[in-house]
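If you want the building blocks of each chain, they are given just below.
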Amino acid sequence: QVQLVESGGGLVQAGGSLRLSCAASGRTFSMYAVGWFRQAPGKSREFVAAISGSGSRTYYADSVKGRFTISRDNAKSTVYLQMNSLKPEDSAVYYCALYRNTFVYDPQRDLDYWGKGTLVTISS
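Residues numbered from 1 in each chain as written. Predicted model: local features only at pLDDT ≥ 70, side-chain atom pairs only at ≥ 80, totals over all residues. Heavy atoms only, no water.

Undergrad: So what's going on with the overall build of the protein? Residues and values would help.
TA: When you go through the protein residue by residue, the secondary structure sums to 0 helices and 11 strands. Each helix and strand of the protein, ordered N terminal to C terminal, gives the series β-β-β-β-β-β-β-β-β-β-β. Computed over C-alpha atoms, the radius of gyration of the protein comes to 13 Å, within 12% of the 14 Å expected from 2.2 N^0.38 for 124 residues, which places it in the range of a compact globule. For the protein, with 124 residues in total, the buried portion stands at 44%. Long-range pairs, those at least 24 residues apart, make up 58% of the contacts in the protein with a sequence separation of at least 6. Of the accessible surface of the protein, which amounts to about 6300 Å², a share of 46% is contributed by carbon and sulfur atoms. (Helix = DSSP H or I, 4+ residues; strand = E, 2+ residues; numbered from the N terminus. Rg over C-alpha atoms; globule rule 2.2 N^0.38 Å. Buried < 20%, exposed > 50% of the residue type's maximum accessible area, 1.4 Å probe, protein only. Contact = heavy atoms within 4.5 Å. Areas by Shrake-Rupley, 256 points an atom, 1.4 Å probe, with all protein chains shown as cover.)

So, in structure tokens, the structure goes:
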């Protein structure tokens, strides 16, 4: 059984930064890609970013490209999402998820496990 625990959410002003963490346990972490998703009230969940098992490849939604950076520390079984230049439209619950594969072929598919999320609120 895999557990994913997100942390680092909070309330910041527009233009500010936050770093989210996703700590994993229960599986050989470095073998699997990890993704970040978000869901705002009244909206469907959307893909934000993902990183391959080794960290050699990263993938981003167009809406966050150039502002967000995903990284991982396999020794700590943790994935990070550094979020800069935050906008009110970035407000959402952010979830991390573990893919079934080492690389991401379709960001919306092959997701095995999910965390419970961390709330990010950006004030204007």
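Undergrad: A description of the environment of Gly53 should follow, citing residues and the corresponding values.
TA: Relative to the helices and strands, Gly53 resides in the loop between strand 5 (46-51) and strand 6 (58-60). Excluding residues within four positions of it along the chain, Gly53 makes contact with Ser30, Met31, Tyr32, Ala33, Arg72, Asn74 and Thr102.

Undergrad: Tell me what's going on with the sheet that holds strand 8 (residues 78-83), and back it up with residues and numbers.
TA: In sheet architecture, strand pairing relies on hydrogen bonds along the backbone and comes in two forms, parallel and antiparallel. Spatially, the 4 strands line up as an open sheet ordered 1-3-8-7, and their pairing is antiparallel. Of all the strands in the sheet, just strand 1 (3-7) and strand 7 (68-73) have a single pairing partner and so form its edges. Averaged over all pairs of adjacent strands, the angle between strand axes in this sheet comes to 15°, irrespective of strand direction. Sheet topology places strand 1 next to strand 3 (residues 18-25); 5 bridges connect them, and they run antiparallel. Its bridge partner lying in strand 3, Glu6 is registered against Cys22. (Pairing = 2+ DSSP bridges. Axes fitted to C-alpha atoms, helices over the stretch in contact; angles between N-to-C directions.)

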